[in-house]
Amino acid sequence: MLLLLRYINKRTKFAKKVSSFLLITTLIAIFLTFSTRQTSSQTSDPITTSSRVSSSSDDAEEALSTGSVDLSSSDLELGAEDGTSSTLQLVGMRFTNLQIPQGASILNARIEFEVDETGSASTNLTIKGEYADNPTSFVNQTRNVTSRPATTASITWDNVSGWTVTSEKKTSPDISSI
């Protein structure tokens, strides 16, 4: 999983470590990117950086029916653990140590998923952030994903076609408004 962000840096004197947390109501494996633009006298070229989920405590699956949290899955399933509506789940991902300069404007942000298990069903996703400056790691505690405060902003990613090719990459719509 990787977070890609593109931003504009309006002030370059101070850098801020940022953690980003996303709630996804249906999922697989991820990459997040962001880009910024620096508007100081140095340059106005966009800066692009990325981050991957790097620890088992940085992603989690929560069964909606029981609130049980799994931190040890080798992958993340979007919507349901076994592909049936009987095990619906919410997925959380945490991207740490994003070096976004203070005052930067995020131009775009996307999540890239890599398929490791195939399926033909299409899905609809809703992506939200955690409303916190520095979200904590996930823990194996009941409702540890859904109990976190979520942003009011969200992005819908509707009619995502089936994940039919192993290692295929799918990229979310721009999530910078979150």
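Structural notes on the overall build of the chain
For step 1, the next point in the chain: Each helix and strand counted, the chain has zero helices and eleven strands in total.
For step 2, the next point in the chain: For the chain, the residues scored as buried account for 44% of the 178 residues in total.
For step 3, the next point in the chain: The contacts in the chain between residues at least 6 apart in sequence include a share of 81% that link residues at least 24 apart.
For step 4, the next point in the chain: Summing over all exposed atoms, the chain offers an accessible surface of approximately 8,900 Å²; the carbon and sulfur share of this is 45%.

As for the pairing of strand S7 (residues 89–101)
Remember that side chains alternate between the two faces of the sheet whenever the strand is regular.
For step 1, the next point in the chain: Most of S7 is tucked away: eleven of the 13 residues are buried.
For step 2, the next point in the chain: Sheet topology places strand S5 (residues 59–63) next to S7; five bridges connect them, and they run antiparallel. What sits directly across from Ala-63, in S7, is Gln-89.

A short note on the nonpolar core
For step 1, the next point in the chain: In terms of nonpolar packing, the biggest core is built from twelve residues, these being Leu-78, Ala-109, Ile-111, Phe-113, Val-115, Leu-125, Ile-127, Ile-155, Trp-157, Val-160, Trp-163 and Ile-175.
For step 2, the next point in the chain: Those elements that provide at least two residues to this core are strand S8 (104–114), strand S9 (123–130) and strand S10 (150–160).
For step 3, the next point in the chain: Counting residues in each nonpolar core, the second largest holds seven residues, with Val-91, Phe-95, Leu-98 and Ile-100 among its members.

Considerations on the environment of Val-139
For step 1, the next point in the chain: Of note, Val-139 is situated in the loop between S9 and S10.
For step 2, the next point in the chain: For Val-139, a relative accessible area of 37% gives the class partly exposed.
For step 3, the next point in the chain: In contact with Val-139, not counting residues within four places along its chain, are Val-69, Leu-71 and Asn-144.

Quick notes on the packing of aromatic side chains
The way to describe two aromatic rings as a pair is by their centre distance and the angle between their planes.
For step 1, the next point in the chain: Applying the stated rule across the entire model yields two aromatic pairs.
For step 2, the next point in the chain: Pairing Phe-113 with Trp-157 gives two aromatic rings, centres 5.5 Å apart and planes at 35°, and the pair type is tilted. A residue pair is termed long-range when its members are at least 10 positions apart, and Phe-113 in strand S8 and Trp-157 in strand S10 qualify at 44 residues. The two residues Phe-113 and Trp-157 agree in class, both being buried.
For step 3, the next point in the chain: Each ring, one from Phe-113 and one from Trp-163, has its centre 5.9 Å from the other, and the planes form 75°; the classification is edge-to-face. Placement of the pair is Phe-113 in strand S8 and Trp-163 in the loop between S10 and strand S11 (169–171), with a sequence separation of 50 residues. No difference in accessibility class separates Phe-113 from Trp-163, as the two residues are buried.
For step 4, the next point in the chain: The structure contains a cluster of three or more aromatic residues connected by ring pairs, namely Phe-113, Trp-157 and Trp-163.
For step 5, the next point in the chain: Directly above the ring of Trp-163 sits Lys-170, whose terminal nitrogen or CZ lies 5.2 Å from the centroid.

Calculation rules
Residues numbered from 1 in each chain as written. Predicted model: local features only at pLDDT ≥ 70, side-chain atom pairs only at ≥ 80, totals over all residues. Heavy atoms only, no water. Helix = DSSP H or I, 4+ residues; strand = E, 2+ residues; numbered from the N terminus. Buried < 20%, exposed > 50% of the residue type's maximum accessible area, 1.4 Å probe, protein only. Contact = heavy atoms within 4.5 Å. Areas by Shrake-Rupley, 256 points an atom, 1.4 Å probe, with all protein chains shown as cover. Pairing = 2+ DSSP bridges. Core = buried A, V, L, I, M, F, W, Y, C linked by side-chain atoms within 4.5 Å. Phe/Tyr/Trp six-rings, centres within 6.5 Å; stacked < 30°, edge-to-face > 60°. Lys NZ or Arg CZ within 6 Å of the ring centre and 35° of its normal.

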